[in-house]
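Chain by chain, the residues:
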6 protein chains.
Amino acid sequence: LNDGVRQADEVGVVTGLAWTSVGGETMEIETAVLPGTGKVQITGQLGDVMKESAQIAVSYVRSIAEDYGISTDFYKKKDIHIHAPEGAVPKDGPSAGVTMVTAITSALSGIPVRKDVAMTGEVTLRGRVLPIGGLKEKSMAAYRYGVKTVFIPEENKKDLEEVDNVVKDHITFIPVSHVSDVLKGALAHSPSSKRKKPTPPSTAPIENAPVKIDSISIQ
Amino acid sequence: LNDGVRQADEVGVVTGLAWTSVGGETMEIETAVLPGTGKVQITGQLGDVMKESAQIAVSYVRSIAEDYGISTDFYKKKDIHIHAPEGAVPKDGPSAGVTMVTAITSALSGIPVRKDVAMTGEVTLRGRVLPIGGLKEKSMAAYRYGVKTVFIPEENKKDLEEVDNVVKDHITFIPVSHVSDVLKGALAHSPSSKRKKPTPPSTAPIENAPVKIDSISIQ
Amino acid sequence: LNDGVRQADEVGVVTGLAWTSVGGETMEIETAVLPGTGKVQITGQLGDVMKESAQIAVSYVRSIAEDYGISTDFYKKKDIHIHAPEGAVPKDGPSAGVTMVTAITSALSGIPVRKDVAMTGEVTLRGRVLPIGGLKEKSMAAYRYGVKTVFIPEENKKDLEEVDNVVKDHITFIPVSHVSDVLKGALAHSPSSKRKKPTPPSTAPIENAPVKIDSISIQ
Amino acid sequence: LNDGVRQADEVGVVTGLAWTSVGGETMEIETAVLPGTGKVQITGQLGDVMKESAQIAVSYVRSIAEDYGISTDFYKKKDIHIHAPEGAVPKDGPSAGVTMVTAITSALSGIPVRKDVAMTGEVTLRGRVLPIGGLKEKSMAAYRYGVKTVFIPEENKKDLEEVDNVVKDHITFIPVSHVSDVLKGALAHSPSSKRKKPTPPSTAPIENAPVKIDSISIQ
Amino acid sequence: LNDGVRQADEVGVVTGLAWTSVGGETMEIETAVLPGTGKVQITGQLGDVMKESAQIAVSYVRSIAEDYGISTDFYKKKDIHIHAPEGAVPKDGPSAGVTMVTAITSALSGIPVRKDVAMTGEVTLRGRVLPIGGLKEKSMAAYRYGVKTVFIPEENKKDLEEVDNVVKDHITFIPVSHVSDVLKGALAHSPSSKRKKPTPPSTAPIENAPVKIDSISIQ
Amino acid sequence: LNDGVRQADEVGVVTGLAWTSVGGETMEIETAVLPGTGKVQITGQLGDVMKESAQIAVSYVRSIAEDYGISTDFYKKKDIHIHAPEGAVPKDGPSAGVTMVTAITSALSGIPVRKDVAMTGEVTLRGRVLPIGGLKEKSMAAYRYGVKTVFIPEENKKDLEEVDNVVKDHITFIPVSHVSDVLKGALAHSPSSKRKKPTPPSTAPIENAPVKIDSISIQ
Ligand SMILES: [Ca+2]
Ligand SMILES: [Ca+2]
Ligand SMILES: [Ca+2]
Ligand SMILES: [Ca+2]
Ligand SMILES: [Ca+2]
Ligand SMILES: [Ca+2]
Ligand SMILES: [Ca+2]
Ligand SMILES: [Ca+2]
Ligand SMILES: [Ca+2]
Ligand SMILES: [Ca+2]
Ligand SMILES: [Ca+2]
Ligand SMILES: [Ca+2]
C-alpha cells in the first residue's frame, strides 16, 4: 500500500488530487525551470480554468519570491514549464492551485517537496485557499497511493466526516486557509536553511514541522 | 453578521458585488503588481465585457498615476495581474469597473483598501461612473457579508427605494458620478499621507472622510 | 432639454450619434493618451467594422500630426486607448469615423472639443467623409441630448428634408466632405493658438468659427 | 458623366474596379505611409484572398523599391496602411492586385496617380498580371465614373468584344501582362523626374506616356 | 505545344504540378527574398498541409545554406515571401515540397531555375523525397505546358507505366529520393560557378547535368 | 526483411512507432537545429497532444543540455524544427515523447542515433516514461521495418506476452522507466566520447552498450 509515492523528496514535482466521474485520482504536477527569457509554458491538455490556475500560481510565487530566496528577476531570466501528465488526458478545474504553487516554489527555490504529501485546493492571487469538491474520493486515491499527509482547504474541514475510516487511520489531514501554510508543511526544509548541506530524509512526522496551522489528525 | 469582510485593510483587494440569476453575491477583485515589463494578465474566467473593464481600469489608473504617487513608468516596469476568484465560475458584465480601478490603484500605490467597503459601477475611460443593474440583490449580499459602506452609481440612487429596510439600516450608500470619489472614500488614506507611518485602523465612519460627494445615509 | 451635453469643453471626448433598431442614440467616444510604446487599445464591445474605423482614425491622425502640433513620434512613445461606453452594449458600423478622428486629435493635441457639438460620418484613410444612414433618428437623439451643432456628411445633405422641424429649429447642421472641416469646427481652438493661456469658454456660435465649409442653418 | 474621378492627381489613391452580383463598381484603394516600424495594416472588411493580395502587393513593391527611388529600409522605418472604403461593405477576390501595387508605389515614392485612370488585375509576387472576371460590368462602372483609361490583364483582351460600344467610345483599354507597365502608365511622372518641381497637371492623354505595352484604343 | 513555360531561366520561380478533381495542372511557386528581419510569409490560399510544406522547405534550405553560397544569417536579415498564384484558388497537400525547396534555394542563391523543368514530391526535413499521387494527370499537364523534364519521387517510378505514351515521348522523367538531386538538376548552374558572368541559356539537355541520380528516359 | 531502416546512423532522426485503426506503423521523427533565435517549429499535421509532447521534449532536453555537451544558451541561439513525415497524415497522441527527446538530443549534441533502433513511450517533464497502447501492433511494424531493438515503457513489459513469437525472435525489447536510459541505448556513442574522430559504424549489439536498465531479450 505504498507503491505510488516517490522514493525520495524531489524538486519541482508535487502530488495533486483529482476528482473524475469514476472516482479520485492522484495527479502529479511537474515544473521545470530553465535558463530563458520569462516564458511560461503549460502542457498536459489543461482546460481554461486550470491554465488560469497555473498563471495565478506563477504570479503568486513571483509575489513571494524574496521570502524563498528566489532571485526576483527570474521572470525575465528563466522560463517555467508546468506539466500535468498523462499528456492525453484532458484535465480542468481550479483545485490544483496549491499543487502548482508548491511545485513552482520548489522548482525555483531548489527546495525539495516531501515525497509522502498530497494536496488539493484553489488558490487566489494573494494566496487564499478556497474549497474544493470530491474530498472523499480524492482522499481514497491519496490513501491507495501511499500518501501520509494531505493538505485540504480550511472550508473543507467539515467534509472530513464523510471520508472513509481506513483513510483517516492512515492519513493526517491538514486544513489550511492560506497557501503559505502548505509551503511551510510540504517543502522539505525552510528557505533559511537552504544553503546548508543536505540533511538525511526527515523521519519526523509532519506534525512536528513549524506549521502554525490548525493541524488535526482524524481517527 | 460580519464574518465575510477582511480582518484588516489590505492592499490590492476590493469587495465587488455581482448579480446572478440566483441573487446577489460578493465578488472580490485581487490585484498583484509584480516587477515586470508591462504585461497585464486577467484571470477568473472573465467574459469579454469584464476583460475590457479590466483594460479600461488599467488605462484609467495610468492616466491618474501621478496623483496617487505611482511611478509613471510602471507601464513598462511592472506587470499587473487582476484576478476574480472563484476561478471556475464564469463572470461577465461591466459593473466591476469601479472595483477594478480601486484594486489596481491600491496595488500600485500601496495604499490599503478599507476592509468594510463594497462597490459596484461601470467606469468609462475618463472615470465617469455609469449605472448598473441588480442593486437590491447586490445590497442584500453586501449586508450578509458584513459590509458597512457601499459605493453605487449616482444614476442608481433612485433604485435605493427598492432596497430592503434591514439593509438600509446597516449600510451607508454613497452615490458617485466619478470614480475619483470612490478612490477618496475607499482607500484607507490619501496619497499625500502615503509615506507616513501606518496609522491604527480607522474607526471614523466613512462619512467623515474628505469625500466631496452626495453621501446619503439610508434608514 | 439640455441635460446631456458636457458642462465644459473637454479633451479627448466627443459625442457621436448611433442608429439602432429602436431609434437614434448619442454615443460618446473617449480617448486616453498615455505614456507608452505605441499600442492602440480599443474597448466597448465594438464589432469588426467599428474596430477598423478606429484603426483608420489613428492612421489618419498620424498623417496629420504635424498640422496639430502633435509630436510625430507619438506612435512609439504613447499608447492610445479608444473606448465607447457603455461597455456591455455591442456596437458596430463605420459612422463613428469622424467622431474617433476628432477624439484622437483632441487627446493627442490637448485641444478641447466643444461641448455642444455632435457628429456622424464614415472617414476614409485620406480623410474623405462618406455618407451614413439614420440621419433623422440620429438628429432627434442629438436634439434630446441638448446638442447645438451636428456635423454630417455632405452626401447626407439631401436627407435633411426628412429631419423633424423642431430639431431643425434647434440644431445647426454642417455638411462636410472632409474630416479636416470637422476638426476646424469641433475643436475649441486652432492648433496655432495652442500654447496660449486658456480662454474663457467660447460663447460664439460655431457658425463664426473659421470653417471653410458649406455651413447651413436649417429652420 | 465625369463627377466621380478625383479633381487632381493624388498620391496613394487609385481607382479599382469591382464586380458584384448587382454589377460593376468602382472601388478606391487608399494607402497611407507613416513614420513607423514596418507594420502593415489592412482595413475595409477585406476577405482572406484580398488581404493576401495586399501582402503580395507590399512584397512586390519592396522588391522594386530602388527603381522608384524608395528608400529600401522603409520596411523597418515606415508603417503602411491600406484601406478600401466603404468600411462596412465586405470585399474579396484577387483582382485588386494591380490597384494595390500602384497605390503603395505612389504612397512610398510620392509620385501622384493620374486621376482619370482605373485598373483591374491579379498580381503575382514577381509582377505578372493574371486575368480577372466581370470585365463588361467593371468597364461600365468605370465609364459611369468618368474614367478615361483602364488597365486590364493581357489575357482579358479577348473579353473586350463583350464590352458596350458606348464604353469603348470613351475609354482607352490598355492590356498588360506585367504590373510594371501599369506603373509606367498610371503614375503621373517617372521616378527619375521625381525631385523636379511639381509640373502643372498633365493634360497629355495617357497614350502619350512612355508605355512600352500593347496599348489598344477601342472604338 | 510550348506556350506555357517561361521564356528564360528565372530566379525564384519554379513550375510545380497539382492534381485536382478535374485533372492535373501546372502550378508555379514564386519566392521573393527581401531585406528584412527573418519573417516568412506564405500566400495563395494554401491549406494547413501546404503551409507546413513551406515551413519545412524554408528550414531545409536553412540547413543547406552554406552549400549554395547563401549567407547563413539570412534568417535574420531577409524576409522570405512564398506565393502560389492564382490567389483565389484554394490549394493544399504536401507534394509541392520539392518545388518550394527549389524556388527558395534559387531566390536566396540567385541561381536561376531551368525554364523547361517541372517537379512534384513531398520533402521531409532532411531532404528525403516521399511519393505523391496523380502522376498520370500531373504528367499530362506538364506535357501540355511544354515542359521537357519532370522530377518525380523514386517511389513513384512504378507509376510511370500508367503515363500516356505521347507524354513519355516528350518528357524526360527523373526519379529522385533526395531533394538535393532536384536542386542539382533544376538549377541553371552549380553554386561554385555562381559568380561567373551569365552564360547563354543552356541548350544541353538536363541529362548531361552532373546529376548522380537514377535518370531514366521514357520512350 | 530489412529494407526500412536507415543505411547508417544519422543525426536528428529517430524511428518511432504509431498505432492506428489499421495496425501499427513506423513513424520517423526528424529534427533540424538551425542558427536562430530560440524558435521551436513543429510540423507534420500533429494534434494538440503530440504538439505538447514536442514542447515537453524540448524542455526536457533543455534541462539535461549540459550532460550532453549541448551549449546551454541554445534556447536563444538556435531554432529547432521537429517534423513527422508524411506531412498530409494527421497524427496525435503522447507516445512519441521518447522519440522526440532522442531526436532533439541527437540534433543538438551531434551524436548520431543507432539506425536499427525504434522506440515508443510518453515522456513527462522530468523524464519519466509512461505506458502506451498498441504494443503488439507497433512491434509488428518494427519487425517488418527491420528494427533490431525496441525501447518500451517499463509498465508495458507485461504486454510483451501478446507480441508475436516471430517478432520476439528478431527484436530485443528494452523496458525503461526513464528516458535517460533510452538516450544511453539509442545514441551511437556517449557524450564524453563526442569530440573523438568518427568511429566505424558500431557492429556491437546494443545489449553491450553501457545501459544500466532492465534489459530483457524475448525468445
Ligand atoms: Ca492515472
Ligand atoms: Ca470550486
Ligand atoms: Ca461565491
Ligand atoms: Ca449596464
Ligand atoms: Ca444609452
Ligand atoms: Ca455606410
Ligand atoms: Ca459604392
Ligand atoms: Ca481569378
Ligand atoms: Ca490554372
Ligand atoms: Ca501523400
Ligand atoms: Ca506510412
Ligand atoms: Ca497513453
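Position labels on residues start from 1 in each chain and follow its written sequence. Going through the entries in the order they are written, you letter the chains from A and number the ligands from 1. Given that the model is predicted, a residue must reach a pLDDT of at least 70 before its local features are reported, and side-chain atom pairs must reach 80 or more before they are shown or counted; all residues, however, enter totals for whole chains, interfaces and linings. To get the side-chain values, all heavy atoms of the structure are used, and hydrogens and water are removed first.

Structural notes on the overall build of chain A
In step 1: A run of DSSP states H or I qualifies as a helix once it reaches four residues; a run of E qualifies as a strand once it reaches two. Both are numbered from the N-terminal end. Each helix and strand in chain A was counted, giving six helices and nine strands.
In step 2: Relative accessibility under 20% of the residue-type maximum defines a buried residue, over 50% an exposed one, and the middle range a partly exposed one, all with a 1.4 Å probe and only protein chains included. Taking all 219 residues of chain A together, 58% fall into the buried category.
In step 3: Two residues qualify as a contact provided that any one of their heavy atoms is within 4.5 Å of a heavy atom in the partner residue. For chain A, restricting intrachain contacts to residue pairs at least 6 apart in sequence, the fraction spanning at least 24 positions comes to 77%.
In step 4: Working note: accessible area of chain A is about 9,200 Å², and carbon and sulfur atoms make up 50% of it. Note on areas: these come from Shrake-Rupley sampling with a 1.4 Å probe, and a residue is covered only by the protein chains present in the view.

Regarding the interface of chain D and chain C
In step 1: If you look at the interface, chain D gives 24 residues, while chain C gives 16 residues.
In step 2: Buried area: the accessible area, evaluated with a 1.4 Å probe, that two parts lose upon being put together, summed over both parts. Buried area between chain D and chain C, summed over both chains or domains, comes out near 1,600 Å², and the portion from carbon and sulfur atoms is 54%.
In step 3: Its largest share of buried area at the contact with chain C, chain D owes to Glu30(D), Leu34(D) and Gln45(D), together 28% of the area lost on that side.
In step 4: We define a salt bridge as a contact between a side-chain nitrogen of Lys or Arg and a carboxyl oxygen of Asp or Glu at a distance within 4 Å. Taken together, the links from chain D to chain C amount to five salt bridges.
In step 5: The salt bridge partner of Arg126(C) is Glu10(D), with a shortest N-O separation of 2.9 Å.
In step 6: Listing elements by their share of the side of chain D that touches chain C, those giving two or more residues are strand E2 (23–35), strand E3 (40–43) and strand E4 (78–83) of chain D.
In step 7: By residue number, the principal contributor to the side of chain D that touches chain C is E2(D), which donates six residues.
In step 8: Residues are grouped as follows: Ala, Val, Leu, Ile, Met, Phe, Trp, Tyr, Cys and Pro are nonpolar; Asp, Glu, Lys and Arg are charged; all remaining types, including Gly, are polar. Considering only residue class, the side of chain D that touches chain C consists of eight nonpolar, 10 polar and six charged.

Quick look at the relation of the copies chain F and chain A
In step 1: Superposition record for chain F on chain A: RMSD 0.0 Å, screw rotation 60°, translation along axis 0.0 Å. Read as a symmetry element, the transformation amounts to a six-fold axis. Minimal C-alpha distance to the rotation axis in chain F is attained by Thr37(F), lying at 12 Å. To line up the copies, we fit them by least squares on C-alpha atoms, keeping just the residues with pLDDT of at least 70 in both.

Remarks on the sheet that holds strand E1 (residues 13–20) of chain C
Residues and elements named next belong to chain C.
In step 1: Here, strands pair whenever DSSP counts at least two bridges between them. Across the sheet, seven strands lie side by side as E3-E4-E2-E1-E5-E8-E9; this open sheet has mixed pairing. Either end of the sheet is taken by a strand with one partner, and the two such strands are strand E3 (40–43) and strand E9 (172–176). Put simply, the sheet's adjacent strands are angled 25° from each other on average, direction ignored.
In step 2: Both strand E8 (residues 149–153) and E9 contribute to a ladder of five bridges, which runs parallel. Within E9, the residue paired with proline 153 across the bridge is valine 176.
In step 3: Contacts between helix H1 (residues 48–63) and the sheet are confined to strand E2 (23–35), E3 and strand E4 (78–83), with E3 contributing the most and set at about 145° to the helix.
In step 4: Packed on one face of the sheet, helix H4 (residues 135–145) meets E1, E2, E8 and E9 and runs near 70° to E2. Convention adopted: a line fitted to C-alpha atoms gives each axis, helices being fitted over their contacting stretch, and angles between N-to-C directions are expressed from 0 to 180 degrees.

Things to note about the pairing of strand E1 (residues 13–20) of chain A
Residues and elements named next belong to chain A.
In step 1: In terms of burial, E1 is a largely internal element, six of the eight residues being buried.
In step 2: Note that E1 and strand E5 (residues 117–119) share two bridges and pair parallel. In the sheet register, glycine 16 faces E5, and the bridge partner there is methionine 119.

So, the pattern of salt bridges
In step 1: According to the stated counting rule, one finds 66 salt bridges over all chains in the structure shown.
In step 2: For Lys158(A), the salt bridge is made with Asp159(A), and the minimal N-O distance between the two is 3.7 Å.
In step 3: Taking the relative accessible area as the measure of exposure, Lys158(A) reaches 57% and is therefore exposed.
In step 4: Through salt bridges with shared partners, one network takes in Arg6(A), Glu10(A), Glu28(A), Glu30(A), Arg126(F) and Arg128(F).

Quick word on the interface of chain F and chain A
In step 1: Counting residues at the interface gives 16 residues for chain F and 24 residues for chain A.
In step 2: Summed over both sides, the interface of chain F with chain A buries roughly 1,600 Å², with 54% coming from carbon and sulfur.
In step 3: The salt bridge partner of Arg126(F) is Glu28(A), with a shortest N-O separation of 2.3 Å.
In step 4: Each polar contact in these results corresponds to two N or O atoms within 3.5 Å; when the atoms are within protein, one needs to be able to donate a hydrogen and the other to accept it, and residues that are neighboring in sequence are counted only if both atoms are side-chain atoms. Between chain F and chain A we count 12 residue pairs in polar contact (both at pLDDT 80 or more) in total.
In step 5: Looking at the side of chain F that touches chain A, the element that brings in the most residues is helix H1 (residues 48–63) of chain F, giving eight residues.
In step 6: Of the residues in the side of chain F that touches chain A, the class split is six nonpolar, four polar and six charged.

Some details on the packing of helix H1 (residues 48–63) of chain A against helix H3 (residues 97–109) of chain A
Packed helices, taken two at a time, are described by the angle their axes make and the gap between the axes.
Residues and elements named next belong to chain A.
In step 1: Between H1 and H3, whose axes approach to 9 Å, the crossing angle comes to 45°. Here H1 is positioned oblique relative to H3, judged by the angle of their axes. Classified by chirality, the crossing of H3 by H1 is right-handed. Where H1 approaches H3, its residues Met50, Ser53, Ala54, Ala57, Val58, Tyr60 and Val61 are matched on the opposing element by Gly97, Met100, Val101, Ile104, Thr105 and Leu108.
In step 2: Of the residues that constitute the contact of H1 with H3, the class distribution is 10 nonpolar, three polar and no charged. These descriptions rest on fixed angle ranges, namely under 35 degrees for roughly parallel, over 145 for roughly antiparallel, 65 to 115 for roughly perpendicular, and the rest for oblique. A clockwise turn of the near helix away from the far one marks a right-handed crossing, whereas an anticlockwise turn of less than a right angle marks a left-handed crossing.

What about the side chain of Arg62(B)?
In step 1: Here Arg62(B) shows up in helix H1 (residues 48–63).
In step 2: Accessibility expressed as a relative area gives 15% for Arg62(B), which makes it buried.
In step 3: There is a polar contact of 2.7 Å between the side chain of Arg62(B) and the backbone oxygen of Pro35(C).
In step 4: When residues no more than four places from it in sequence are discounted, the contact partners of Arg62(B) are Phe74(B), Tyr75(B), Leu34(C), Pro35(C), Gly36(C) and Asp79(C).

With respect to H1(B)
All names here are of chain B.
In step 1: Relative to the 22 Å expected for 16 residues at 1.5 Å per residue, H1 spans 23 Å between its end C-alpha atoms, a close match to the ideal helical length.
In step 2: Extensive coverage of H1 is indicated by the burial of 12 of its 16 residues.
In step 3: By the burial criterion, the buried members of H1 are Val49, Met50, Glu52, Ser53, Ala54, Ile56, Ala57, Val58, Ser59, Tyr60, Val61 and Arg62. Take the number of residues in a helix, subtract one, and multiply by 1.5 Å to get its expected span.

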